[in-house]
2 protein chains.
Amino acid sequence: MIRKYVFGRPFETGAVEEQIGETQGLPLYGEIHSEGSFLFRYVMRDGDAVYGLGEANRGINKRGYCYVSDCTDQPNHTEDKRSLYGAHNFIVVSGEETFGLFFDYPSKMTFDIGYEKTELMTVSCERADLYLYVIEGESAYDVVRQFRKIIGRSYIPPKFAFGFGQSRWGYKTKEDFRNVADGYRSNRIPLDLIYMDIDYMQDYKDFTVNEEEFSDFPAFVAEMKERGIRLIPIIDAGVKVEEGYPVYDEGVRGGYFCKRKDGSDFTASVWPGETHFPDVLNEEAANWFGDHYRSLTDQGIEGFWNDMNEPAIFYSQEGVRELQQVISSCQKMERGMADLHKIQQTAGGLANAPADYRRFYHSVNGQKIRHDLVHNLYGYHMTKAAAQAFGRIAPNRRFLLFSRASYIGMHRYGGIWTGDNHSWWSHLLLNLKMLPSLNMCGFLYVGADLGGFGADTTKELLLRWLALGVFTPLMRDHSAIGTRDQEAYQFGDTEAFRSVIETRYRLLPYLYSEYLKAVYSDDMYCRPLAFVYPEDAFACGVEDQLIIGDEIMIAPVYTENARGRYVYLPEEMRFMKFMKDGCYTEQTLGQGHHYVEIAVDEVPLFIRAGRCIPLVDAASCVDEIDMRTMKVIGYEGARYERYDDDGIHTDSQVTRTIESL
Amino acid sequence: MIRKYVFGRPFETGAVEEQIGETQGLPLYGEIHSEGSFLFRYVMRDGDAVYGLGEANRGINKRGYCYVSDCTDQPNHTEDKRSLYGAHNFIVVSGEETFGLFFDYPSKMTFDIGYEKTELMTVSCERADLYLYVIEGESAYDVVRQFRKIIGRSYIPPKFAFGFGQSRWGYKTKEDFRNVADGYRSNRIPLDLIYMDIDYMQDYKDFTVNEEEFSDFPAFVAEMKERGIRLIPIIDAGVKVEEGYPVYDEGVRGGYFCKRKDGSDFTASVWPGETHFPDVLNEEAANWFGDHYRSLTDQGIEGFWNDMNEPAIFYSQEGVRELQQVISSCQKMERGMADLHKIQQTAGGLANAPADYRRFYHSVNGQKIRHDLVHNLYGYHMTKAAAQAFGRIAPNRRFLLFSRASYIGMHRYGGIWTGDNHSWWSHLLLNLKMLPSLNMCGFLYVGADLGGFGADTTKELLLRWLALGVFTPLMRDHSAIGTRDQEAYQFGDTEAFRSVIETRYRLLPYLYSEYLKAVYSDDMYCRPLAFVYPEDAFACGVEDQLIIGDEIMIAPVYTENARGRYVYLPEEMRFMKFMKDGCYTEQTLGQGHHYVEIAVDEVPLFIRAGRCIPLVDAASCVDEIDMRTMKVIGYEGARYERYDDDGIHTDSQVTRTIESL
């Protein structure tokens, strides 16, 4: 049962696809104030859990902290951060009363879920202009499935996007990319994708390729593809201000950029220096920007990652003027620390300044809308623009596409990666915890930078993180410039890395099948134990294990120098450890608590009682997987309905095959 | 068996008290290069653990990362940080070969313990001027005990220092302090100490008290003491440059400050603005500085915390000149981001700049020594100066004294708190992991800022953290200005806070007894399970439980929204949960793995098989504990030898009483 309440004059975000009539009055749950600002208040009971919020910090159960939906280029995901890159305003209260709430509101919104007062949940925003969807259901999981139905079908990438990818900010030349390809191929570690971070471009100009380093780019793309490797370039939100650069010239001519109040094009400095932001909320501008992806698809490119699309701003001209004023008045440091602080704070506060987000406007259906009022839609609409252009560029063909910033609705057009994490053990666990929450909000093609983006990783951390990454649809190792080399062949003991990454390919038919099932039934690809075993009070509190698809549970190791970990089995399961050379061990474990030993080169999983999964031989890339090597492992007598398709076309028929043991 | 090797011309740090003859040749273990720079290399075996490093980041077993001894004012203890406030160069390799190494070297030193290469340990420093102590023993624990014997007896604080203390950067007036006292007393939550952070001083001048806010300070100290509460002021390293301020005038006159190469007093800006650093490595200057503590002890003060003594530097005049040059050349931002980055980096890099640590000198026995060569001794010698002054000010009386920066040797003069942590769950666990490592290096009176210093805490985090703090000798709730109020009465449900903090007082006779035993036998107050159950391979890997004293094990909850946790019992134990109103539950659990439920208002502990511990009624402060209420809990027939003393005098006789059940 879904009720839609309307407050004020909401902006049409396009998050919800289904037509739902307006319900008059107020929801049964909570208490609402909607005069000027908006406030929803609910008194939680002991034991209530609150799920949702997609790409948010901390636990699967969001109780106990405060979160702010405000898409932010936040490079330091410590536990106290309240905003990350996404804005996913869907929550589910699970307890004596169970209901879901979707606040369709594209500006900043605060979710205090028992932070100020343990028992109080308060959701609030500055303007009472929003749609509130209230969903009643039998369980939290039921509420999620109802919500998923109204927001439309999730994105399906091409099958190659389920292969393993390597990325690094700092690859600059053909040689850099060839070295990565050689490193993987010569060490016989599977690889499907190499990501091209900002340095492939000419002066960071979108839709250009550095001609000096990448002469005859199409031939280079083909050379890589010949080796089973796709190159996946990054596209940033800002378009470099440079006369003679066609994208800039067209944008200015067409009036496609976001404008200041006075009608001039708003300038934000980002990687290329001064840029303008395409007004992706404007249909014409979005179409224009999207069509530019063709310049790369025409050269053989089959996928993209959209970045810096919160949109991130290093500084604006207005911000710089303020800094210059501060510097002038403080340069002599006559007031000592106070002056130094002022300089430091002003210089440090230039990036992503709220004031800048109030300095530019979108033009939507003839209306000027100040950016901050629709801030959380930018990455979504940039990604939608690309996806819709792909439909024109190559109708019926799937492209790999994922984004950093997002809002619910974008899940129909692409995936997301969870941004600039760090090489911290705590971020391995955070990666796990985010996955089901993202799924609740429709984002199925998701993953984190395995091994960690910022800071220096270690061999052990990367191996353990990859063993989680085996199960995330987007499986990518990515790291920042200036950090330790992080490719899987950089640490010695490549056998261990080969073994872990090969396990991904051996499980790929299962993972892909479960992904398709989740998409076509508007379901979750990975679920918290609470959704699968709601009657099991202990299972409901487990925050470091997940159910992947219908047949397996995972319990990765996320602590340093550990020989294994504790795991809770809500039912009997078959504990599998995947090892080198295609070997595995299996052991039946009863319902209850166990400590299981897991070496750093092993990938553990648990097959649920009475289930089985398909397994194939590893291959160097997805296209090389030989389905004739398939066998079935798990419980004897079990059957598995395996979904598959051609992995290429948007209208590919899904085949369903019964595999049994 | 301890061997002392001499390389080059070591600086006499005073870390080791015992006279040990020099051994010629090279150690049996590892490989040493000592030409110009120094390097020790050891190939670790699979399964070797490496302990030690005191106040270092990450695990009890230090394998897998790289640590740098370089006392640093580091306010952001994320997992990747290699240097914190202390420099504790003692490690123990535990495996087929078991040995300890103490590198007595007071400048920057790097410990790569399997970071670059998993199996390789490399300890290195720039100059081959050091003592290397190599300790052979039967076990890691045996090595530690041998080491502890040569570095001298650890500090014993007065007994009141085992009470609970409240602190906050931001208490400014008598009223602020009275409010805290009222908050605790009116809610009947025990409290012994309120810490005075920098705002009690007049313009942040050491050994002054703001006369306007604290008129008749001795009467205020007495008023608080009347209520069972000691005020513990902070003392910073830097002395404000201000003519007419006696400490400054005397320091200049006596030549007691650190000097530039040209003989002028080095100026560093810290809280008071421009300051000079007392040359605490110079005996005469140290005596002079130490004697100034008398200005506060004469007013009734019985304890201090020494801060900013890495020494922390906000900026130097030289640094500011460099910034001004950078600003002049970059202010127009003609090179855009490059210029902004330069301004940001120069402004952000002023603090604790290595260049500044090369700009000033100490005068030791007539020799000028550049600060960076002895950097890690500053906090140690400042604290030693205070402790030795106390011996002159009030011979035979114990003072509470702890420091932020430290080096081995300082453990004889005071304790340490582990600096500016955050309100992160990961820092609760880090607190636990640091404790035994600190004990290995002699630091027994230690604790972390419970609830977290930086960022906003939550009720649940604070309660769980306090439940660990119950067992740390220094038990203090401390938070930064601008963060959420963090006193135990700020969250409602004061019953829960009362219950947890009262448990500290109920256990105090045991904790104090075990502390005394540890000191007088040069032993550890808290040990990793590996030291107590070395034959139990599983126990050796446990990193989230500790043995406190000889009789109990602790296993605190360190995750949000948890109903309990897993715990490993190397032997049968009696699981106790302390609850409100002096109640507790007990349950005998067998050897092996268990999941135990622990509510947020409960304090869990495990009494080892066949042991017992004393328990008293809670009291509002240590002085109010009524020993006549003592009973004994644990295993029937068990005996406990309880140590006690008068808690006041340095030469108080220890009484030993047999308590039995």
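Heads up: the structure comes first, above all this text.
Residue positions are counted from 1 within each chain, in the order its sequence is given. To read the labels, note that chains go from A and ligands from 1, taken in the order they are written. The predicted origin of the model limits local features to residues at a pLDDT of at least 70 and limits the giving and counting of side-chain atom pairs to 80 or more, whereas totals for whole chains, interfaces and linings rest on all residues. Side-chain figures throughout are based on the complete set of non-hydrogen atoms in the structure, without hydrogens or water.

*Asks:* So what about the sheet that holds strand β17 (residues 273–276) of chain A? Which residues, and what values?
*Replies:* All names here are of chain A. Any two strands between which DSSP finds at least two bridges are classified as paired. Secondary structure elements follow DSSP: runs of H or I no shorter than four residues count as helices, runs of E no shorter than two count as strands, and numbering proceeds from the N terminus. With antiparallel pairing, the four strands of this open sheet are ordered in space as β15-β17-β16-β19. Looking along the sheet, the strands with just one partner apiece sit at the ends: β15 (239–240) and β19 (315–316). Taken together, the three bridges between strand β16 (residues 268–270) and β17 define a ladder with antiparallel strand orientation. The residue of β17 that forms the bridge with S269 is E274.

*Asks:* Give me the interface of chain A and chain B: which residues, what numbers.
*Replies:* Counting from both sides, the interface comprises 50 residues of chain A and, opposite them, 50 residues of chain B. Buried area is understood as the total, over both parts, of accessible area removed when two parts are fitted together, assessed with a 1.4 Å probe. Where chain A abuts chain B, roughly 4400 Å² becomes buried across the two surfaces, and 53% of that area is made up of carbon and sulfur atoms. Ranking the residues of chain A by area buried against chain B places E79, Q331 and Y566 of chain A at the top, with a combined share of 14%. Basic side-chain nitrogens of Lys or Arg form a salt bridge, by our definition, when they fall within 4 Å of a carboxyl oxygen of Asp or Glu. We note a salt bridge from R82 of chain A to D456 of chain B, for which the minimum N-O separation is 3.3 Å. Polar contact is defined as a pair of N or O atoms within 3.5 Å, subject to the rule that within protein one atom must be able to donate a hydrogen and the other to accept it, and that residues adjacent in sequence are counted only when both atoms are side-chain atoms. At the boundary of chain A with chain B, the tally comes to 31 residue pairs in polar contact (both at pLDDT 80 or more). If you list the elements that add at least two residues to the side of chain A that touches chain B, you get α7 (317–330), α8 (337–348), α11 (425–440), α15 (537–540), β31 (564–569) and β34 (592–597) of chain A. At six residues, α8 of chain A tops the list of elements feeding residues into the side of chain A that touches chain B. Put simply, Ala, Val, Leu, Ile, Met, Phe, Trp, Tyr, Cys and Pro go in the nonpolar bin, Asp, Glu, Lys and Arg in the charged bin, and everything else, Gly too, in the polar bin. Of the residues that constitute the side of chain A that touches chain B, the class distribution is 22 nonpolar, 16 polar and twelve charged. The contact rule is simple, with two residues in contact once any of their heavy atoms fall within 4.5 Å.

*Asks:* Pulling in residues and values, what's your account of the relation of the copies chain A and chain B?
*Replies:* Residues reaching a pLDDT of at least 70 in both copies supply the C-alpha atoms on which the copies are superposed by least squares. For the match of chain A to chain B, the screw axis carries a shift of 0.0 Å, the RMSD comes to 0.0 Å, and the turn is 180°. In symmetry terms, the pair is related by a two-fold rotation axis. Identified as the residue of chain A closest to the rotation axis by C-alpha distance is Q344 of chain A, at 3.3 Å. Taken as a fraction of all interface residues of chain A, those also at the interface in chain B reach 100%, which identifies the copy contact as same-surface.

*Asks:* Could you give me a rundown of α8 of chain A, with the residues and numbers involved?
*Replies:* Multiplying 1.5 Å by the helix residue count minus one yields the expected span of that helix. Taking 1.5 Å of rise per residue, twelve residues should cover 16 Å, and α8 of chain A covers 16 Å from first to last C-alpha, within 8% of that figure. Burial classification: accessible surface area is computed with a 1.4 Å probe over protein chains only, and a residue below 20% of its type maximum counts as buried, one above 50% as exposed, and the rest as partly exposed. Listed in full, the buried residues belonging to α8 of chain A are M337, D339, L340, I343, T346 and A347 of chain A. For α8 of chain A, the elements touching its buried residues are α7 of chain A together with β19 (315–316), α7 (317–330) and α8 (337–348) of chain B.

*Asks:* Kindly report on the sheet that holds strand β3 (residues 38–43) of chain A, identifying the contributing residues and their values.
*Replies:* All names here are of chain A. One open sheet holds the five strands; their spatial order is β2-β3-β10-β9-β5, and the pairing between them is antiparallel. Of all the strands in the sheet, just β2 (31–33) and β5 (65–69) have a single pairing partner and so form its edges. When the angles between neighbouring strand axes are averaged without regard to direction, this sheet yields 10°. Judged from the six bridges that link them, β3 and strand β10 (residues 120–125) form a sheet pairing that is antiparallel. When the sheet's bridge partners are listed, R41 is paired in β10 with T122. Axis geometry follows a simple rule: fit a line to the C-alpha atoms, using only the stretch in contact for helices, then measure angles between N-to-C directions, giving values from 0 to 180 degrees.

*Asks:* Run through the pairing of strand β32 (residues 573–578) of chain A, naming residues and quoting values.
*Replies:* Residue and element names in this part refer to chain A. Of all six residues making up β32, six are buried, and the element is well covered by its neighbours. Going residue by residue along β32, you find M573, F575 and K577 tucked away on one face and R574, M576 and F578 tucked away on the opposite face as well. For β32 and strand β33 (residues 584–589), the ladder comprises six bridges, and the chain directions are antiparallel. Bridge pairing in β33 places F578 opposite Y584. Between β32 and the antiparallel strand that follows it, β33, lie five residues; D581 among them carries a positive phi value of about 60°. Judged from the six bridges that link them, β32 and strand β35 (residues 603–608) form a sheet pairing that is antiparallel. In the strand pairing of β35, K577 is matched with P604.

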